[in-house]
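A look at the structure
Given next are the chains, with one letter for each unit.
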Amino acid sequence: MFDVLSLPLSLLPSTPPATPAKPLHCRATTRIRRRLYTKPNPLLSRPFSFTSFPKLPLNCSSSSMPFQVSSSSQLQDSLLYSRAYWVSKTIIAWNVDVGDGSCYLYASKVAALSVTDDGIQGQDAEIKLEEDRNGLPPNVIEKFPHIQNYRAFKVPPALDAKNLLKCQLAVAAFNSHGNCSNATGLQLPGILDELFSYDGPLGAHYLGEVVSLYLWAPTAQAVHAHIYKDPMGGSPLEIIQLVETNGVWSTKGPKRWEGCYYVYEVSVYHPSTLQIEKCYANDPYARGLSSDGRRTLFVNLDSNGLKPEGWDELADKKPDILSFSDISIYELHIRDFSANDNTVNPDFCGGYMAFTLQDSAGVLHLKKLSNAGITHVHLLPTFQFAGVDDESENWKYVDYKILQKLPPDSAGQQAQITAIQNDDAYNWGYNPVLWGVPKGSYASDPNGPCRIIEFRKMIQALNHIGLRIVLDVVYNHLHASGPFDKDSVLDKIVPGYHLRRNNDGFIENSTCVNNTASEHYMVERLIIDDLLSWSINYKVDGFRFDLMGHIMKSTMVKAKDALWSLTKERNGVDGSRIYIYGEGWDFGEVAENGRGINASQFNICGTGIGSFDDRIRDAMLGGSPFGHPLQQGFITGLYLEPNGHDHGTKAVERAMLASAKDHIQVGMAANLRDFVLTDFEGKERKGSEVFTYGGTPVAYALCPTETVNYVSAHDNETLFDIVSLKTPVEISVEERCRINHFATSIIALSQGIPFFHAGDEMLRSKSLDRDSYNSGDWFNRLDFTYHSNNWGVGLPPKEKNEKNWPLIQPRLADPSFKPQRSHILAAVENFMNVLRIRYSSPLFRLRTANAIQQRVRFHNTGPSWVPGLIVMSIEDGNEGVPGISQLDPNFSYIVVIFNACPTEASFISSTLRGRTLQLHPIQVMSTDEVVKNSSYEALSGCFTVPARTTSVFVEARKNLNSLWC
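Below you will find a few notes about this structure. Nothing here was measured: the structure is a model prediction, and the numbers come from that model.

Before going further, it helps to spend a moment on the state of the cysteines. Inspection of the entire model under this criterion finds zero disulfides. Cys 167 provides the cysteine sulfur closest to Cys 279, a residue in no disulfide bond, and the two sulfurs are 16 Å apart. Among the cysteines around Cys 901, which has no disulfide bond, Cys 942 carries the closest sulfur, lying 14 Å off.

Here's what the structure looks like:
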């Protein structure tokens, strides 16, 4: 998913009129004296005033490409880059060889530096640097591994660095003849962390009759707070000048500020424009906002007026979770939940309050899920994000009556949807503006405290029906940067600090835009403070980290420890019940620990933090989301029911299927690194010794709750859609529906944490859209009345799907692909049943790696394996009998057979012969007549399972039928 939006550069509406980004001009340079000595430096002895120097013109030319300095014109452009790093008070790192020449640090209070062949001009200070031939010290290399081979230049220890950091800074190298050979700006996070790391109060604080403001902005030259009565428009009630103490700007005001709004005015040097800019920004620690984040709201979240009745006692009434192994997760987008639900009050559709109703179709469905076993609802981003106007009167709509009349394979629907997609009410929300405030577009009123109250009511209502809440947090990037964008916040206040930059000084964008740098102390602190605020002030129960691999492992561990330290007595919440998981992908500038040890799948193991297991998903479906859309997998017909795609010879297909089965079995054993199984070649291997097609170990987890198993999520096609794409076109819709359920049953009956995309249980379709982040309500519709699964509502949006339209169009046009209501109802019941089976025995939810190794076995293994079958057994002990302990009071032994074949299959096992196994009572009592044809013959140890069916056989400790009467 990419969520880069092109927005005009402008200031906040409450500030002076918007101005465009300042152009970089070039003029003829004049000869200046070469700087081969250190002149007297006032910065070494006393502070300076920022008001006593006139602003000089900026002399440089624009350039967007890296360069090797070798000419006069390139030298003039050099300050556009920041290729040197001030890593500590006494060291500047720069990848330049000065040889017998010299190196100098330059500073200008008014950003007047420019470069000629002779060196730097316009400076207020010039400091000679000496190279340290020992190179960078170990602590610097640990913090900045990507510059470990840079040269170290010593800064005079008596330098007044704190004041110098408020200037435009540059370094220049001179050869032995005194000619300037190189020059560049500096990146400052290293020295800022050393000199200004801070653990005191930040944001707005309320104590008695006093309201205090604290802002961390060590490079700012001045900070003012503009106080407003109203959320937008009008003149400030007052403008307060903040006072700085060691990089923190603060002021105190009267209690009457509460309920008012404020905006910070920060005067600061910004490396993107090479000028001292007057930036207008919200408080990074904002806990309330006006519409679209125009201003920060003075709001005390501990005020009784913001708490729903019973809020303070909610922690005692939350549904109990004895172990994280008992968790199962349902991923849901707030707007999807109710935007098209006719049983919801129109004023609540698409918002927080829809969750507070008792008898809407959506809430009744959530109650069913809760009763069946779902424990957590994972909400896609709920913080203040860009891409959706907070004011509903500004939203644009399409006429659904017109869209409904168009053919199911028409390009007309997507054309109308995409024409307004940046002005409608829909976006997934992965474009953060402010992390710590609920999104205004989901509230009845985006101004004032309404969004806070309604968010709390949503949490409370979901808890009351037995569901805990996971928030989707996006700390890996921010939507905007620079001094002018209305959605830029952090980069206006401490430019160049919060956002990770490459070796040229430009912002890294591997996450899609404006990567953040959790390796910097105050970024890490902001993340942890934000998590604590959501946990304490909103009593949420878990966090899912978007692109967690772009966050440092140390940050994740500190965050987990901070959350787990919360107590009901001290904080009103039990932090030990807060579950954390995320996407541990390893790519971009952080790959292979390029910026420090990151929170990737292989690094995060052993921490108790979960990560998504993409191996089981890819083995089940086939290929990957980035491969050929017709590549088949274990459940979609690989080898067993070809779809015409060239996978290779039948021998190759058989080997691929065998490998996919092993990958799934490892995943079903919670993807444990040390779980030992027999592979398709008959060799005993640990999970870490089974490899993906790319040569990466399949398994990485050390405990079961570190694995989140899934087959679909909000990203990529829905489960039903990908099944419809990969299976042969000639199979029936009934068979596709059965494959859909078969897939969810594998996830539901695996060890580890099962994760389901909302609607998988209802055969949800997005009309084959592979990335619906901005596809509007039309393509993202959920129907909790079970009348439609949203298949065949037009060709999905051109931007991400056009190359697959030739595959998509004939499928959408074929009426036989569309499920009927009877199919949807059957799918819902089957999903609920498989959840009930998971929660019918603790053997499906083992808590330790050792317990899984002792009890879980896979039987259809080795060279004589039966293609398309996975046979898993889980053994329990018996009270008073030596060996493994007894966990389950009802079942002593469970066998689960997953038959992916298009035909009935049999499996004979001498190991499982002679047991008193019967079909699970839940399956016996289900309305699925197919699964009831499953059988087990004790004398021969023969199991027979229908096509595309998961059959669960149990050995009961007492009368089986009485357990579920």
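Further notes follow.
Our focus in this paragraph is the nonpolar core. Most often, soluble globular proteins keep nonpolar side chains buried together rather than apart. Counting residues in hydrophobic clusters, the biggest one holds 224 residues, and the most contacted among them are Trp 86, Leu 105, Phe 543 and Phe 545. Once you skip the residues sitting within four places of it in the chain, Phe 545 turns out to touch Val 473, Tyr 475, Leu 531, Ile 551, Met 556, Ile 580, Tyr 581, Gly 582 and Glu 583.

Pairing between side chains of opposite charge can happen when the charged atoms of each approach one another. Considering all chains together, one arrives at 47 salt bridges under this definition. Put simply, Arg 151 and Glu 131 hold a salt bridge, and the shortest N to O gap is 3.1 Å. With a gap of 20 residues between them, Arg 151 in strand β7 (residues 151-154) and Glu 131 in strand β6 (residues 125-132) connect regions that are remote in the sequence. The buried category is assigned to Glu 131, whose relative accessible area is 16%. Shared partners join several salt bridges into a network, and the residues in it are Asp 97, Glu 131, Arg 133 and Arg 151.

Moving on to helix α10 (residues 450-464). For α10, with 15 residues, the first-to-last C-alpha span of 21 Å sits near the 21 Å given by 1.5 Å per residue. Counting buried residues in α10 gives twelve out of 15 residues, a clear majority hidden from the surface. Considered for burial, the residues of α10 that qualify are Cys 450, Arg 451, Ile 452, Glu 454, Phe 455, Arg 456, Met 458, Ile 459, Gln 460, Ala 461, Leu 462 and Asn 463. Following α10 by one or two positions, Gly 466 has its phi on the positive side, about 90°.

Another point: the environment of Ala 281. Mapping Ala 281 onto the fold places it in strand β17 (residues 275-281). On the accessibility criterion, Ala 281 (1% relative accessible area) is buried. Distance in space between the C-alpha atoms of Ala 281 and Lys 486 is 8.0 Å, their sequence separation being 205 residues.

Overall, mixed pairing links the seven strands, which are arranged β1-β2-β7-β6-β3-β8-β9 in a closed barrel. Between one strand axis and the next, the sheet turns by 35° as a mean value, whatever way the strands run. Of the strands in this sheet, β1 (84-88) and β9 (180-187) touch helix α4 (residues 189-196), which is tilted by about 20° from β1.

One open sheet holds the three strands; their spatial order is β34-β37-β36, and the pairing between them is antiparallel. The open sheet terminates on both sides in strands that have one partner only, identified here as β34 (905-908) and β36 (935-937). For this sheet, the mean inter-axis angle between neighbouring strands, taken without regard to orientation, is 15°. Bridge analysis of β36 against strand β37 (residues 942-945) gives three bridges, and the strand direction is antiparallel. Bridging across to β37, Ser 935 finds its partner in Thr 944.

For the pair helix α18 (residues 719-726) and helix α19 (residues 733-748), the least separation of the axes is 9 Å and the interaxial angle reads 125°. Comparing their axes, α19 and α18 come out oblique. Judged by the twist between their axes, the crossing of α18 over α19 is right-handed. Residue-level contacts link Leu 719, Phe 720, Val 723 and Ser 724 of α18 to Arg 736, Cys 737, Ile 739, Asn 740, Ala 743 and Thr 744 of α19.

Reading the values: rules and limits
- Residues numbered from 1 in each chain as written.
- Predicted model: local features only at pLDDT ≥ 70, side-chain atom pairs only at ≥ 80, totals over all residues.
- Heavy atoms only, no water.
- Disulfide = S-S within 2.5 Å.
- Core = buried A, V, L, I, M, F, W, Y, C linked by side-chain atoms within 4.5 Å.
- Buried < 20%, exposed > 50% of the residue type's maximum accessible area, 1.4 Å probe, protein only.
- Contact = heavy atoms within 4.5 Å.
- Salt bridge = Lys/Arg side-chain N within 4 Å of Asp/Glu carboxyl O.
- Helix = DSSP H or I, 4+ residues; strand = E, 2+ residues; numbered from the N terminus.
- Expected span 1.5 Å × (residues − 1).
- Pairing = 2+ DSSP bridges.
- Axes fitted to C-alpha atoms, helices over the stretch in contact; angles between N-to-C directions.
- Parallel < 35°, antiparallel > 145°, perpendicular 65-115°, else oblique.
- Left-handed = near helix turned anticlockwise from the far one by under 90°.

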